[in-house]
Amino acid sequence: GDSVTQMEGPVTLSEEAFLTINCTYTATGYPSLFWYVQYPGEGLQLLLKATKADDKGSNKGFEATYRKETTSFHLEKGSVQVSDSAVYFCALIIGAGGYNKLIFGAGTRLAVHP
Amino acid sequence: SQTIHQWPATLVQPVGSPLSLECTVEGTSNPNLYWYRQAAGRGLQLLFYSVGIGQISSEVPQNLSASRPQDRQFILSSKKLLLSDSGFYLCACRQGRKDTQYFGPGTRLTVL
């Protein structure tokens, strides 16, 4: 069935370090792909998305490119800040019309230290 | 754009007690609504979704139920809570046929 696999955390980085969080997926067809971020004690916020192959989603310095050939959607940021500390979820969407379901990865916790 | 409210923000309940969590949405009409649960240290699991008033689909068999009495109101309930019902409950909204779901702030439920 459809699934999302993320790298296990926690990921611990120093401020201004480069970030990569790996995400691969299994799906029939060509799903839309998402990254959501969850700050401590809060709900999920949409960080970025891509709807077709080779699309690049970007927001707040984060980027991810939809790679159909490797079924991946890795999240990157060139220089992380302490305020980026959060849990990051990769997700894909299946279904169309009235039925539309998000499949999430397990989440990757990022801790950025000054 | 839509705003999603969830109430209460936190809740501590004894085993066997009833539950009612509320989600209301502003700024959109006829939304698709979803309830997700996030257990400690785990990802998110879809519990219920609704495409309209009175229309509820369940994703997994469980101790919980959902209702949609109004277009922009989605309620999660239980008659008797179990310890395993503890978690962070998130309501989400999707507008029309767009593919993006937006999430509320969540309710943290602890069952003792």
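Residues numbered from 1 in each chain as written. Chains lettered and ligands numbered in written order. Predicted model: local features only at pLDDT ≥ 70, side-chain atom pairs only at ≥ 80, totals over all residues. Heavy atoms only, no water.

Enquirer: Honestly, the overall build of chain B in this entry has me stumped. Any pointers?
Expert: Along its length, chain B carries 0 helices and 11 strands. Taken from the N to the C terminus, the helices and strands of chain B come in the order β-β-β-β-β-β-β-β-β-β-β. Its C-alpha atoms give chain B a radius of gyration of 13 Å, within 12% of the compact-globule value 13 Å for 112 residues. Taken along its principal axes, the extent of the C-alpha atoms in chain B is 40 × 25 × 20 Å. Of all 112 residues assigned to chain B, the portion counted as buried reaches 49%. Considering only contacts in chain B between residues 6 or more positions apart, those separated by 24 or more positions represent 54%. Side chains of chain B carry 10 positive and 6 negative charges; the gap between the two charge centres is 4 Å. (Helix = DSSP H or I, 4+ residues; strand = E, 2+ residues; numbered from the N terminus. Rg over C-alpha atoms; globule rule 2.2 N^0.38 Å. Buried < 20%, exposed > 50% of the residue type's maximum accessible area, 1.4 Å probe, protein only. Contact = heavy atoms within 4.5 Å. Lys, Arg positive; Asp, Glu negative; His and termini not counted. Charge placed at Lys NZ, Arg CZ, Asp CG, Glu CD.)

Enquirer: Teacher, can you tell me more about the packing of aromatic side chains here?
Expert: The description of an aromatic ring pair uses the distance of the two centres, along with the angle that the planes make with each other. This structure, assessed with the given rule, holds 12 aromatic pairs over all chains. Centre to centre, the rings of Phe104 of chain A and Tyr36 of chain B are 5.7 Å apart; their planes meet at 90°, and the pair counts as edge-to-face. With Phe104 of chain A in strand β11 (residues 101-104) and Tyr36 of chain B in strand β4 (residues 32-38), the pair connects residues from two separate chains. Of the two residues, Phe104 of chain A and Tyr36 of chain B, neither departs from the other in class, the shared state being buried. Three or more aromatic residues link up through ring pairs in this structure, and these residues are Phe34, Tyr36, Phe89 and Phe104 of chain A together with Tyr34, Tyr36, Tyr49 and Phe103 of chain B. (Phe/Tyr/Trp six-rings, centres within 6.5 Å; stacked < 30°, edge-to-face > 60°.)

Enquirer: What should I look at first to understand the state of the cysteines in this one?
Expert: Disulfides are covalent bonds that connect the sulfur atoms of two cysteines. Tallied over the full model, the rule gives 2 disulfides over all chains. The disulfide bridge from Cys23 of chain A ends at Cys90 of chain A, spanning 1.9 Å between sulfur atoms. Handedness here is read from the sign of the S-S torsion; for Cys23 of chain A and Cys90 of chain A, about -70°, the answer is left-handed. With Cys23 of chain A in strand β4 (residues 23-26) and Cys90 of chain A in strand β10 (residues 86-94), the pair connects residues that are 67 residues apart, well separated along the chain. Comparing Cys23 of chain A with Cys90 of chain A, the two get one shared label, buried. A sulfur-sulfur separation of 2.0 Å characterises the disulfide bridge that pairs Cys23 of chain B with Cys91 of chain B. On the S-S bond that ties Cys23 of chain B to Cys91 of chain B, the torsion sits near -70°, and the link is left-handed. On the criterion of sequence distance, the pair formed by Cys23 of chain B in strand β3 (residues 19-26) and Cys91 of chain B in strand β9 (residues 87-94) is long-range, its members being 68 residues apart. Pair check on accessibility: Cys23 of chain B and Cys91 of chain B agree, each one buried. Unpaired in terms of disulfides, Cys93 of chain B finds its nearest cysteine sulfur in Cys91 of chain B, a separation of 7.5 Å. (Disulfide = S-S within 2.5 Å.)

Enquirer: What is the right way to read the pattern of salt bridges from this model?
Expert: Two side chains with opposite charge may pair up if their charged atoms get near one another. Residues and elements named next belong to chain B. Scanning the entire structure with this criterion turns up 6 salt bridges over all chains. When the shortest N-O distance is used, the salt bridge between Arg68 and Asp71 registers 3.3 Å. Assessed through its relative accessible area of 19%, Asp71 is described here as buried. (Salt bridge = Lys/Arg side-chain N within 4 Å of Asp/Glu carboxyl O.)

Enquirer: When you look at the environment of Gln13 of chain B in this model, what are you seeing that I'm missing?
Expert: Residues and elements named next belong to chain B. Following the sequence through the fold, Gln13 ends up in strand β2 (residues 10-13). C-alpha separation for the pair Gln13 and Ile75, spaced 62 residues apart in sequence, amounts to 17 Å. Leave out the neighbours within four places in its chain, and Gln13 touches Pro18, Leu81, Leu109, Thr110, Val111 and Leu112. A polar contact is formed between the side chain of Gln13 and the side chain of Ser17, at a distance of 3.4 Å. Separated by 3.0 Å, the side chain of Gln13 and the backbone oxygen of Pro18 make a polar contact. (Polar contact = N/O pair within 3.5 Å; in protein donor to acceptor, adjacent residues only side chain to side chain.)

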